[in-house]
Amino acid sequence: MIIRDQIERVVSAALHEAQASGALPPAHWEGGGSVERPQKAEHGDFASSLPLRLARQMRMSPMAIAERIAEQAPAREPVSRVWTAPPGFVNFELDRGWLASQVDAIREAGAGFGEIEAGDGVRAQVEFVSVNPTGPVHAGHARGAVVGSALANILEAAGFDVQREYYVNDAGSQMEAFNVSLLARYLQLFGVDAEIPEDGYQGSYMADLAEEIRQEVGDEFVSMAAESAAARIGEIGLRRMIEMIREDMRSLNVEYDRWFSERSLFDGGQYHRVLDLLREGELLVERGGATWFLSSALGDDEDKVIVRKTGAPTYFATDVAYHYNKFFEREFDRVIDVLGADHQGHVRFMKAFTSALNVDADRLDLLIYQLVTLKRGSETVRLSKRTGNIVTLRELVEEIGPDACRFFFLSKAPGSQMDLDLELAKRESEDNPVFYIQYAHARIAGILREARERGIDFEDGGVSLLTHDAELELIRRMTQLPEVIGMIAESLEPQALPHYALDLAKSFHPFYQQCRVVSQDPNDLALTKARLKLVDAVRVVFARCLSLMGMSAPERM
RNA sequence: GCGCUUGUAGCUCAGUUGGAUAGAGCGCAGCCCUGCGGAGGCUGAGGCCGUGGGUUCGAGUCCCGCCAAGCGCGCCA
């Protein structure tokens, strides 16, 4: 149960009570959304601005309304005090005894702490990264990987039934260019004068891949007809590329539930089914030998070619089929596509065809993250997969580590543009908030080790002894995690989580400074036990945050 | 040119969906170790929230213009 919702309910009940008794006039209010965490501690734990919002309708001063509501809001658990403040707030303070009791509640919830029911078991799919399997994943894609995977974790905690998916573009012209390029590299190993096509992949990784394949199959493809050789060697190359990408993702602590093949859309018949659907809807038209989708009629800025005059489908076609598959065949209630800003222009098209398929707009979320500009010092690093001049995701992770990398990308709003200076990244990561958070977790682990060595069993500790301001501040902070998770599930902007973890660490370190946990004095045993319970609860919350962010929670550093 | 996104402290960025005196980290200037991990704690300086209008009890947050930056505008994906 999110405490803010409880307060919201108290406010709402008080309002109705005041209206029923005639103290306040009737008013139209949708309810909810008026309660927030004030910035200043002196304003309490929660504040409602409802009186300010109702003043006009009720033709009363906000302060008068606040008074009437406050009168009807009982100061009983979890609230200990209700008061009004100008220009028209109703403030609430949480009961200190109730706060202390949350320590037991958090320890009991354990790794499940923070779970809420907002998602209500809704089947949600998060698709992210999905770069073409024609080369290594570059460093800029780390942002999508981190945002997508963390979001999936958080949605799961918020009660959604989540599936993480990678869409493998194993069909289409880029794949053909990959096949031909790979065959050329392979033939070169045998002294054959084969040229990599203009639009092919020039990167040196292609030569490495060709060499691996030569070692595996020998000269099998040398004498084969070019077309079938390209297809065959491409098949082997594709498998290896996918495996490589899977390892790239693992280096960032990203695991997928499913790798979905674009090609399977043709095998499974979705492609033809969708074209028929669009044709029945009279949304397809032949122009210049090609088939066009009239997406401009549905809000897109221009019509799109669905089938080329060569008869080959464009990626627009397969994307429609893919989403048809997501919504109608696999029946996801909700689909979230995490896309780089270079796919911005695709958004209107996707909105257009989903509306053509009669999918409610709110079932599809397109989360666009801004591209990362890679730099070395003041030098901008140009990224191009085809020329092979790339900084790979693996290089980035090896240089600054997966935890710093994840925190770095996660702590910024996906929509904000950012530079990543590779030379500074490592140096900064050593003086990074990441360590501030992980250090707190390691400190707690150290305290619990100490207690264990002394043979202190604190299961019977009484949390009511937790009355120090630093202790209560820490508990207040811990109780916010469910709210943070709920907020992120709503906004799909995960940056609140790393900032929350930072706030928790900021509450923990002063506590540590002021409150000795394991006392040397045997007379303090009761307090020692209570504080051991407290730090154990804090450990639970840190571990939960770090795990949701896909980061490690070290016992020692 | 058109479209989408962004502009907050010296630097990197938050800002709880329109609320009370705009926050953090780094950097800078100081202070704090007879004890569980100093990768820590405390204090201070630093702001016309790009800019000009508008909406209202109230705007960093919403709307419009302008300026600047990133991305997009292929029968590539």
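Note that the structure is predicted; figures quoted are calculated from it, not measured.

### Quick notes on the sheet that holds strand 12 (residues 364–369)
Note: strands within a sheet are paired through backbone hydrogen bonds, in either parallel or antiparallel orientation.
Okay, step 1: Across the sheet, which stays open at both edges, the five strands sit in the order 7-6-5-11-12 with parallel pairing between neighbours. The open sheet is flanked by strand 7 (258–261) and strand 12, the only strands paired with a single partner. Strand after strand, the sheet turns through a mean of 25° between neighbouring axes, direction not considered.
Okay, step 2: As defined by bridge partners, strand 11 (residues 334–340) adjoins strand 12 across six bridges and the pair is classed as parallel. Residue pairing for strand 12: Val338 is matched across the bridge by Leu367.
Okay, step 3: Contacts from helix 12 (residues 347–356) reach strand 11 and strand 12 within the one sheet, and its direction differs from that of strand 12 by about 175°.

### Points about the packing of aromatic side chains
Okay, step 1: Within the structure shown, the criterion is met by 19 aromatic pairs.
Okay, step 2: When the centroid spacing of 6.4 Å and the interplanar angle of 35° are considered together, the rings of Tyr167 and Phe260 count as tilted. Remark: Phe260 occurs in strand 7 and Tyr167 occurs in strand 6 (residues 161–168); sequence separation between them is 93 residues. Residues Tyr167 and Phe260 agree in their burial class; the two are buried.
Okay, step 3: Ring geometry for Tyr256 versus Trp259: centroids 5.1 Å apart, planes at 65°, classification edge-to-face. Trp259 shares its class with Tyr256; the two are buried.

### Details of the sheet that holds strand 8 (residues 284–287)
Okay, step 1: Strand order in the open sheet formed by three strands is 8-9-10, with antiparallel pairing between adjacent strands. Two strands in the sheet have a free side with no partner beyond their single neighbour: strand 8 and strand 10 (304–307). With strand direction ignored, the average angle separating the axes of adjacent strands in the sheet is 45°.
Okay, step 2: Examined bridge by bridge, strand 8 and strand 9 (residues 290–293) share four bridges and lie antiparallel to one another. Bridging across to strand 9, Glu286 finds its partner in Thr291.
Okay, step 3: The strands touched by helix 10 (residues 270–280) within the sheet are strand 8, strand 9 and strand 10, with strand 8 carrying the most contacts at an inclination of about 95°.

### So, the protein's contact with RNA strand B
Okay, step 1: Of all residues adjacent to RNA strand B, which total 70 residues, the nearest are Arg56, Ala413, Tyr436, Arg443 and Arg516.
Okay, step 2: Among the atoms of RNA strand B close to the protein, meaning within 4 Å, 63% are from sugar or phosphate groups.
Okay, step 3: Within the contact set of RNA strand B, a phosphate oxygen lies 3.1 Å away from a side-chain nitrogen or oxygen of Gln495.
Okay, step 4: When contributions to the surface near RNA strand B are tallied by element, the ones reaching two or more residues are helix 2 (50–58), strand 4 (89–94), helix 6 (173–188), strand 15 (418–421), helix 16 (433–453), helix 18 (481–491) and helix 19 (496–514).
Okay, step 5: Counting residues per element, the surface near RNA strand B draws most heavily on helix 16, at eight residues.
Okay, step 6: Class assignment for the residues of the surface near RNA strand B results in 24 nonpolar, 25 polar and 21 charged.

### Describing the nonpolar core
Okay, step 1: In this structure, Phe409, Leu497 and Leu532 are the most contacted members of the largest nonpolar core, which totals 151 residues.
Okay, step 2: Among the elements that take part in this core, helix 20 (residues 525–548) stands out by supplying 12 residues, more than any other.
Okay, step 3: Look past the residues within four positions of Leu497 in its chain and what remains in contact with it is Ile154, Leu481, Val484, Ile488, Cys545, Leu548 and Met549.

### Looking at the pattern of salt bridges
Okay, step 1: Per the counting criterion, the structure on display carries 35 salt bridges.
Okay, step 2: Note that Arg246 and Glu243 form a salt bridge whose closest N and O atoms lie 3.3 Å from each other. With Arg246 and Glu243 both in helix 8 (residues 226–251) and three residues apart, this pair spans about one turn of that helix.
Okay, step 3: On the basis of relative accessibility, which here comes to 37%, the residue Glu243 falls in the partly exposed class.
Okay, step 4: Here Arg477 and Glu473 are joined by a salt bridge, their closest N and O atoms 4.0 Å apart. Here the residue Arg477 and the residue Glu473 both occupy positions in helix 17 (residues 469–478), the gap between them amounting to four residues, near one helical turn.
Okay, step 5: A network of salt bridges, in which partner residues are shared, links Arg107, Glu459, Asp536 and Arg539.

### Observations regarding the packing of helix 1 (residues 3–20) against helix 3 (residues 62–72)
When two helices pack together, their arrangement is captured by the angle between the axes and the distance separating the axes.
Okay, step 1: Helix 3 packs onto helix 1 with a crossing angle of 105° between their chain directions and a minimal axis gap of 8 Å. Taken together, the axes of helix 1 and helix 3 are roughly perpendicular relative to one another. Taking contact as the criterion, the partners of Val11, Ala14, Leu15, Glu17 and Ala18 in helix 1 are, on helix 3, Arg68, Ile69 and Gln72.
Okay, step 2: Tallied by class, the residues present in the contact of helix 1 with helix 3 amount to five nonpolar, one polar and two charged.

### Remarks on the pairing of strand 11
Okay, step 1: In terms of residue burial, strand 11 counts as a mostly covered element, since seven of its seven residues are buried.
Okay, step 2: Covered by surrounding structure in strand 11 are Arg334, Ile336, Val338 and Gly340 together with Val335, Asp337 and Leu339, the residues of both alternating faces.
Okay, step 3: As paired strands, strand 5 (residues 123–127) and strand 11 are joined by four bridges and run parallel to one another. Bridge assignment links Glu127 to a residue of strand 11, and that residue is Asp337.
Okay, step 4: You can see the chain leave strand 11, run along helix 12 and come back into strand 12, and the turn it takes is right-handed.

### Some points on a nonpolar patch on the surface
Okay, step 1: Residues Leu189, Phe190, Val192 and Val222 make up a contiguous nonpolar surface patch of about 270 Å² in total accessible area.
Okay, step 2: Along the polypeptide, Val222 turns up in the loop between helix 7 (204–217) and helix 8.
Okay, step 3: A residue is classified by how much of its surface remains accessible, and Val222, at 32% relative accessible area, is partly exposed.

### Things to note about the domain arrangement of chain A
Okay, step 1: For chain A, the assigned domains read domain 1 (3–94), domain 2 (173–251) and domain 3 (430–548).
Okay, step 2: For domain 2 versus domain 3, the distance between C-alpha centres works out to 53 Å.

Definitions and limits used
Residues numbered from 1 in each chain as written. Chains lettered and ligands numbered in written order. Predicted model: local features only at pLDDT ≥ 70, side-chain atom pairs only at ≥ 80, totals over all residues. Heavy atoms only, no water. Pairing = 2+ DSSP bridges. Helix = DSSP H or I, 4+ residues; strand = E, 2+ residues; numbered from the N terminus. Axes fitted to C-alpha atoms, helices over the stretch in contact; angles between N-to-C directions. Contact = heavy atoms within 4.5 Å. Phe/Tyr/Trp six-rings, centres within 6.5 Å; stacked < 30°, edge-to-face > 60°. Buried < 20%, exposed > 50% of the residue type's maximum accessible area, 1.4 Å probe, protein only. Near = heavy atom within 4 Å. Polar contact = N/O pair within 3.5 Å; in protein donor to acceptor, adjacent residues only side chain to side chain. Nonpolar A, V, L, I, M, F, W, Y, C, P; charged D, E, K, R; others polar. Core = buried A, V, L, I, M, F, W, Y, C linked by side-chain atoms within 4.5 Å. Salt bridge = Lys/Arg side-chain N within 4 Å of Asp/Glu carboxyl O. Parallel < 35°, antiparallel > 145°, perpendicular 65-115°, else oblique. Right-handed = clockwise from strand over helix to strand, strands pointing away. Patch = residues over 30% accessible without salt bridge, like charges linked within 9 Å, V, L, I, M, F, W, Y side chains within 5 Å. Areas by Shrake-Rupley, 256 points an atom, 1.4 Å probe, with all protein chains shown as cover. Domains from an automatic or database assignment.

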